[in-house]
Amino acid sequence: MVSTPLVVAVDGPSGSGKSSTARGVATRLGLAYLDTGAMYRAMTWALLERGTDLDDPAAIARDAEHVVIESGTDPQAPTIVADGVDVSGPIRSRRVTDHVSPVSAVPRVRELLVTLQRRYVEAADGIVVEGRDIGSVVAPDAPVKVHLVADAAARAARRALETGDADAAATLESLARRDRIDSTRAASPLTQAEGSVLIDGTHLTLEQVIDQVVTLVDAVRDPA
Ligand code: DC
């Protein structure tokens, strides 16, 4: 039986359905929701605004210290603010998407954001957290850890629908490039965390994936 506030970690590559799944689970169970990818995107947006040279990891590490990021954790209306600006829209732009992987590979950026993410986890009375390193680094003791995958074509089709990008081949290439960087970087590469349950959503509906995660939560809340 879980007595401490529940933490559900949802990790996986871009376009695997993490966000819809994590928000759906949080809404159904009345938990808070944290999108850590949005935080890395907000950091990238803020550094672009400052004119930081994103080819220079030392400059990224230096300027990142001064960026203030705030996340709203209502799963039905999540918000993300960087340096006082609501960046919910701009963080989904092609410009931010193209630069987020090199920014999130900088160890100091990860330290800063992981510290912030743990604060949100500690402050919440139960939370679903989505990202790449939640089950491995941010909340390794989370009682429920899910690693969500889907095949590349399904992920590209989903992402193209979300962004309204008609060029499926370019979307697939952008996803593949980010996957490559995210999985091979030295600092917290995307891997399946120990103790996590692999869910392949390729042939499942969103509701079916949410059902599977809720079943895992029920099992730790009330073990048979
Ligand atoms: O989930 P997303 O596509 O919005 O994430 C954007 C980028 O942020 C992704 O390319 C990798 C990075 N990221 C990360 O390194 N660690 C996380 N916990 C979440 C996202």
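Our subject in this report is the structure included herewith.

### What about the site of the ligand?
Here comes step 1: The local shell around the ligand holds 17 residues, among which R41, R110, R132, D133 and R185 are the closest.
Here comes step 2: Contacts to the ligand include R132, whose side-chain N or O atom sits 2.9 Å from an oxygen atom.
Here comes step 3: Interatomic distance of 2.8 Å between a side-chain N/O atom of D133 and a nitrogen atom of the ligand.
Here comes step 4: Burial of the ligand by the surrounding chains reaches 98%, relative to a free accessible area of 450 Å².
Here comes step 5: Broken down by secondary-structure element, the contributors of at least two residues to the shell around the ligand are α2 (36–50), α4 (94–104) and α8 (168–184).
Here comes step 6: Here the element with the most residues in the shell around the ligand is α2; it accounts for four residues.
Here comes step 7: Within the shell around the ligand, the residues separate by chemical class into two nonpolar, six polar and nine charged.

### Focus: the packing of α2 against helix α3 (residues 57–64)
Here comes step 1: Relative to each other, α2 and α3 sit at 100°, their axes nearing to 11 Å. As the angle between them shows, α2 and α3 are arranged roughly perpendicular. Counting all contacts with α2, which are made through M43, L47 and R50, the residues of α3 involved are I60, D63 and A64.
Here comes step 2: For the contact of α2 with α3, the residue count by class is four nonpolar, no polar and two charged.

### Quick word on α4
Here comes step 1: For α4, the set of buried residues is V96, T97, V100, S101, V103 and S104. Taken end-on, α4 shows its buried residues confined to a sector of 165°, consistent with a single buried face.
Here comes step 2: Buried residues along α4 sit against α2, α3, α5 (107–123) and α8.

Rules used in this analysis
- Residues numbered from 1 in each chain as written.
- Predicted model: local features only at pLDDT ≥ 70, side-chain atom pairs only at ≥ 80, totals over all residues.
- Heavy atoms only, no water.
- Near = heavy atom within 4 Å.
- Polar contact = N/O pair within 3.5 Å; in protein donor to acceptor, adjacent residues only side chain to side chain.
- Areas by Shrake-Rupley, 256 points an atom, 1.4 Å probe, with all protein chains shown as cover.
- Helix = DSSP H or I, 4+ residues; strand = E, 2+ residues; numbered from the N terminus.
- Nonpolar A, V, L, I, M, F, W, Y, C, P; charged D, E, K, R; others polar.
- Axes fitted to C-alpha atoms, helices over the stretch in contact; angles between N-to-C directions.
- Parallel < 35°, antiparallel > 145°, perpendicular 65-115°, else oblique.
- Contact = heavy atoms within 4.5 Å.
- Buried < 20%, exposed > 50% of the residue type's maximum accessible area, 1.4 Å probe, protein only.
- Arc of directions from axis to C-beta.

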